[in-house]
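# Coordinates in review
These are the residues of each chain, in order.
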Amino acid sequence: MKDSKEKNAGFEPYVLGLVCNWCTYAGADMAGTSRIQYPPNLRLVRVMCTSRLDPTFVIRGLELGADGVLVSGCHPGDCHYVNGNYKTERRMYLLRELIQQAGLEPERIRLEWISASEGSKLAEVMKDYVNVLKKIGPNPLRNSREKHHVDEKDLFGKELK
Ligand code: FES
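Described in the following lines is the structure provided in the data block.

When you go through the protein residue by residue, the secondary structure sums to 6 helices and 4 strands. In sequence order, the protein lays out its α and β elements as α-β-α-β-α-β-α-β-α-α. Burial analysis of the protein (161 residues in total) assigns 36% to the buried set. Sequence separation of at least 24 residues holds for 81% of the intrachain contacts in the protein that already meet a minimum separation of 6.

Given below as structure tokens:
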């Protein structure tokens, strides 16, 4: 029997990143300007706060075939909208339970706190997340959908300015 590493050889996971404007989005920008390299598997969709995320965005991302959804925002205590990220943390916990009930691996949803000055942390998180997703393999919903590259148009019905 082939181990998961062998079975998923050549598989490059597609990661949908739903990130806060004030922290992680700026952190990704910082990683770029500092030339910190991280796996190119990430497609970012920016929201003003992680608490802006309707949980259905995460489900929709998986339904459309993203192999993993990274939700990332300000560290606890640093949210620009007071306690938005605490609400997000609770929602992510429930979402992981929900997708597990639906037969998906809970690792397909990941929550991280990455500030604007932590471009290198974003790189480390992405390296680790891509490895985790490579081990668990492609999203089984991916094959049932023609499209698996999800963007803000899919989530919000239009491109964000
Ligand atoms: Fe960044 Fe709320 S403003 S998580």
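Inspection of the sheet shows strand S1 (residues 15-20) paired to strand S2 (residues 42-47) by 6 bridges, in the parallel sense. The residue bridging Val15 from the neighbouring strand is Leu42, located in S2. Regarding the hand of the β-α-β motif, the stretch spanning S1, helix H2 (residues 24-33) and S2 is right-handed.

Taken together, the 4 strands give an open sheet; going across it, the order is S2-S1-S3-S4, and neighbouring strands pair in parallel fashion. On the outer flanks of this sheet lie S2 and strand S4 (109-113), each paired with one strand and no other. The average angle at which neighbouring strand axes cross in this sheet is 20°, direction not considered. Judged from the 5 bridges that link them, strand S3 (residues 68-73) and S4 form a sheet pairing that is parallel. Bridging from a neighbouring strand, Val71 pairs with Leu111 of S4. The sheet contacts of helix H5 (residues 119-136) involve S1, S2, S3 and S4, and relative to S3 the element is tilted by about 155°.

This part is about unusual backbone geometry. Phi at Arg35 takes a positive value of approximately 55°, unusual for a residue other than glycine. With respect to the secondary-structure elements, Arg35 resides in the loop between H2 and S2. Residue classification places Arg35 among the exposed residues on the basis of 7 C-beta atoms within 10 Å. The phi dihedral of Val82 falls on the positive side, at around 70°, and the residue is not glycine. Here Val82 is to be found in the loop between S3 and helix H4 (84-101). For Val82, a count of 11 C-beta atoms within 10 Å translates into the label exposed.

Attention now moves to the environment of Glu89. Of note, Glu89 is situated in helix H4. When the C-alpha positions of Glu89 and Thr50 are compared, they lie 9.1 Å apart, and in sequence the two are 39 residues distant.

Residues Thr24, Tyr25, Gly27, Ala28 and Ala31 constitute the buried set of H2. Taken around the axis of H2, the buried residues stretch over an arc of 160°, which confines them to a single face. Buried residues along H2 sit against S1, S2, S3 and H5. Downstream of H2 by a residue or two, Arg35 has a phi angle that is positive, lying close to 55°.

In this section: the nonpolar core. By size, the foremost hydrophobic cluster in this structure holds 38 residues, and its most contacted members are Leu18, Val58, Ala66 and Val69. Counting only elements with at least two residues in this core, the list comes to S1, H2, S2, helix H3 (55-63), S3, H4, S4 and H5. If one sorts the elements of this core by residue count, H5 sits on top with 6 residues. Leaving out residues up to four positions away in the same chain, Leu18 has contacts with Val45, Val47, Leu53, Phe57, Val58, Val69 and Val71.

Here is what the cut-offs are and how they apply
Residues numbered from 1 in each chain as written. Predicted model: local features only at pLDDT ≥ 70, side-chain atom pairs only at ≥ 80, totals over all residues. Helix = DSSP H or I, 4+ residues; strand = E, 2+ residues; numbered from the N terminus. Buried ≥ 20, exposed ≤ 12 C-beta atoms within 10 Å, placed from the backbone. Contact = placed C-beta atoms within 7 Å. Pairing = 2+ DSSP bridges. Right-handed = clockwise from strand over helix to strand, strands pointing away. Axes fitted to C-alpha atoms, helices over the stretch in contact; angles between N-to-C directions. Arc of directions from axis to C-beta. Core = buried A, V, L, I, M, F, W, Y, C linked by C-beta atoms within 7 Å.

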